[in-house]
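Fold and geometry: a report
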Amino acid sequence: MYAVTDPTTGTTLETFPTITDDELRAAIAVADRAHRERTSSVADRAALLHRVADLYRERHADLAATIVREMAKPIDQAEGEVDFCADIYDYYADHAEEFLADQPITLADGSEGSAFIRKSSIGVLLGIMPWNFPAYQIARFAGPNLLIGNTVLLKHAPQCPESALAIERIFHDAGFPEGAYTNVFATNDQAADVIADPRVQGVSLTGSARAGAAVAEIAGRNLTKVVLELGGSDPFIVLSTDDLDSVVESAVTTRLEGNGQVCNAPKRFLVVDDLYDDFLAKFTTAMSAVSPTDPSVPGAELGPLSSPTAADRLQEQLASAVAQGATVVTGGDRRGHAFVPTILTDVTPDNDAYREEFFGPVAAVYRVADEDAAVALANDTPYGLGSYLFTTDADQALRVADRLEAGMVYVNIVGADSPELPFGGVKASGFGRELGPLGADEFVNKKLIRIG
């Protein structure tokens, strides 16, 4: 059910009707026709994306307030998300001609003529988006693909219908033609039908590994291109530092972002033996100093989880982890649908928590003997999204980065996501990339043109 539900109380504030099968078929037809009859140039579409960015900034306050209302993100973070979206649209508009330029090919010696690769759109795409970044997830998918000339059907998370409609309105008001971007309040079964439709040429999903596997199975049966950004249990590795307080501050900030519900946030903290005791003591003090508050108040650091269901799931995970031997160093308490920041130790490989993703303000801290032990533990997970490494040794930084099984490695920095930096993972964290130049290179026909 598409509905706005107060994450704090669980009260349903407003519901929205699911699209009918006939309406969905019509939406696919309009999107397909919009693609086939498109006459706009790259420069035209870039100008429209700049207008989208302007509208995000103009409607900044309303968009951010909607995010808080739907999924309880602290207001300062929600405003930052909206600003980031505007930057993404501007980035792709600014680099439009560069990303879609013809790519000459140097022919083998003795060959006559010329050859080049010309990039073009492939058609209708389906985006299936999650609730934890109601605006940002759409920007990094829709921005480059609308620039390319693909048309977009967007199935948002059922708990973000107001964000979904507000963003659709922005594309309409910016001047994109009918069918270029269409919000669809579809069921999962209807989404499966969309993926199977021969007019739909690609699907991008951000969500759980289970949802990714289901979408990939349907896409595979129908030979539909797919990009998946799934879960993560990113390591935060501390091997050496000249400023442990700063490292701890980074650890707290990035673990509690989005109320702990961020796929590429660090969830496992791997600390070398000689720093472990001091790190754990400082980390415990800093995490314990944060309490859940009203997310709509500026300055809030932590709000409730996104829904009562999410809170129940996290409570079950914590109880199971403790029952299997984990130690709660601080936290573990649930307050309504919120949790106080929680630190676990003694999470061993035979504990289910060792390979699970905690989607909430929970951190597992591990002691490691050295670089090799840190890399081995970091890679001992089904996931491979991001990773964070703190070291004063530049050679070690690159050496460890090369050994980590992850799509992204951030060295001595957190919160550094930016429009020009590709985002994506390996293993059970999915495949394909969004953002940066690679984000404009997924749903593209790279057509060879060879001239004799």
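Quick note: structure is the one above.
Quick caveat, the model's predicted, so the values are computed rather than measured.

Within the protein, the regular secondary structure consists of 15 helices and 20 strands. What you see for the protein is a C-alpha radius of gyration of 23 Å, in line with the 22 Å of a compact globule of 452 residues. Dimensions of the protein, computed from C-alpha atoms along their principal axes, come out at roughly 65 × 65 × 40 Å. A buried classification covers 56% of the 452 residues belonging to the protein. Taken as a whole, the protein presents about 18200 Å² of accessible surface, with 50% of it coming from carbon and sulfur. Charged side chains of the protein number 35 positive and 66 negative; the gap between the two group centres comes to 7 Å.

Read across the sheet, six strands follow the order β7-β6-β5-β8-β9-β19 without closing on themselves; strand pairing throughout is mixed. Because the sheet does not close on itself, it has two edges, and the strands there are β7 (181–183) and β19 (430–431). In the packing of helix α8 (residues 188–196) onto the sheet, contacts are made with β5 (124–128), β6 (151–155) and β8 (200–206), and the angle to β5 comes to roughly 150 degrees.

Here R33 shows up in helix α1 (residues 21–36). In this structure the C-alpha to C-alpha distance between R33 and V124, which are 91 residues apart in sequence, comes to 9.4 Å.

This paragraph deals with the packing of helix α10 (residues 244–256) against helix α11 (residues 273–288). Two numbers describe a pair of packed helices, the interaxial angle and the distance between the axes. Relative to each other, α10 and α11 sit at 50 degrees, their axes nearing to 10 Å. Viewed along their axes, α10 and α11 adopt a mutual orientation that is oblique. As α10 runs across α11, the sense of the crossing is right-handed. Residues L244, D245, V247, V248, A251, V252, R255 and L256 of α10 pack against D278, F279, K282, F283, A286 and M287 of α11. Of the residues contributing to the contact of α10 with α11, the split by class is ten nonpolar, no polar and four charged.

Moving on, we get to α1. When the terminal C-alpha atoms of α1 are compared, their 23 Å separation across 16 residues agrees well with the 22 Å that a helix rising 1.5 Å per residue should span. Restricting attention to buried positions, one finds in α1 the residues L24, A27, I28, V30, A31, D32, A34 and H35. Against the buried residues of α1 lie β5, β6, β7, α8 and β8.

Here the focus is the pattern of salt bridges. Pairing is possible between side chains of opposite charge, provided their charged atoms come close. One pass over the structure, following the stated rule, counts 26 salt bridges. Across the pair D277 and R367 runs a salt bridge whose closest N-O atoms are separated by 3.1 Å. On the criterion of sequence distance, the pair formed by D277 in helix α11 and R367 in strand β16 (residues 362–368) is long-range, its members being 90 residues apart. Given a relative accessible area of 42%, R367 falls into the partly exposed group. Because the salt bridges share partners, they merge into one network encompassing E371, D372, R399 and R403.

Okay, the nonpolar core next. Counting residues in each nonpolar core, the largest one holds 116 residues, and the members touching the most others are Y56, Y89, F236, F279 and F283. Of the residues forming this core, the biggest block, eleven residues, is contributed by helix α4 (residues 75–94). The contact partners of Y89, leaving out residues within four places of it in the chain, are L49, V52, A53, Y56, I138, A139, G143 and F171. Of all hydrophobic cores here, the second largest spans 24 residues; its members include I19, L24, A192 and I195.

The final tally for this structure, using the stated rule, is 21 aromatic pairs. The interplanar angle of 35 degrees and the centroid separation of 4.6 Å between the aromatic rings of Y2 and F185 together place this pair among those described as tilted. Residue Y2 is located in strand β1 (residues 2–5), and its partner F185 is located in the loop between β7 and α8; the two are separated by 183 residues in the primary sequence. Across the pair, F185 and Y2 agree in class, each one buried. Look at Y388 and Y410: their rings are 5.7 Å apart centre to centre, the planes differ by 20 degrees, and that puts the pair in the stacked class. Of the two residues, Y388 is situated in strand β17 (residues 388–390) and Y410 in strand β18 (residues 410–411); the sequence distance between them amounts to 22 residues. Here the two residues Y388 and Y410 agree in accessibility, since each one is buried. For K73, the ring lying beneath its charged end belongs to F133, and the centroid distance is 3.6 Å.

Attention now moves to unusual backbone geometry. Phi at L223 takes a positive value of approximately 55 degrees, unusual for a residue other than glycine. You can see L223 is positioned in the loop between α9 (209–221) and β9 (225–229). The phi dihedral of K427 is positive, around 55 degrees, even though this residue is not glycine. Inspection of the secondary structure assignment puts K427 in the loop between β18 and β19.

In this section: the sheet that holds β16. One open sheet accounts for seven strands, arranged β12-β15-β16-β11-β10-β17-β18; its pairing is mixed. At either end of the open sheet lies a strand with only one pairing partner, and these are β12 (327–330) and β18. Bridging between strand β10 (residues 234–238) and strand β11 (residues 266–272) involves five bridges; their strand directions are parallel. Each bridged residue has a counterpart across the sheet, and for P235 the counterpart in β11 is R268. Along the sheet, helix α12 (residues 308–323) makes contact with β12, β15 (342–345) and β16, crossing β15 at roughly 30 degrees.

Thresholds applied
Residues numbered from 1 in each chain as written. Predicted model: local features only at pLDDT ≥ 70, side-chain atom pairs only at ≥ 80, totals over all residues. Heavy atoms only, no water. Helix = DSSP H or I, 4+ residues; strand = E, 2+ residues; numbered from the N terminus. Rg over C-alpha atoms; globule rule 2.2 N^0.38 Å. Buried < 20%, exposed > 50% of the residue type's maximum accessible area, 1.4 Å probe, protein only. Areas by Shrake-Rupley, 256 points an atom, 1.4 Å probe, with all protein chains shown as cover. Lys, Arg positive; Asp, Glu negative; His and termini not counted. Charge placed at Lys NZ, Arg CZ, Asp CG, Glu CD. Pairing = 2+ DSSP bridges. Contact = heavy atoms within 4.5 Å. Axes fitted to C-alpha atoms, helices over the stretch in contact; angles between N-to-C directions. Parallel < 35°, antiparallel > 145°, perpendicular 65-115°, else oblique. Left-handed = near helix turned anticlockwise from the far one by under 90°. Nonpolar A, V, L, I, M, F, W, Y, C, P; charged D, E, K, R; others polar. Expected span 1.5 Å × (residues − 1). Salt bridge = Lys/Arg side-chain N within 4 Å of Asp/Glu carboxyl O. Core = buried A, V, L, I, M, F, W, Y, C linked by side-chain atoms within 4.5 Å. Phe/Tyr/Trp six-rings, centres within 6.5 Å; stacked < 30°, edge-to-face > 60°. Lys NZ or Arg CZ within 6 Å of the ring centre and 35° of its normal.

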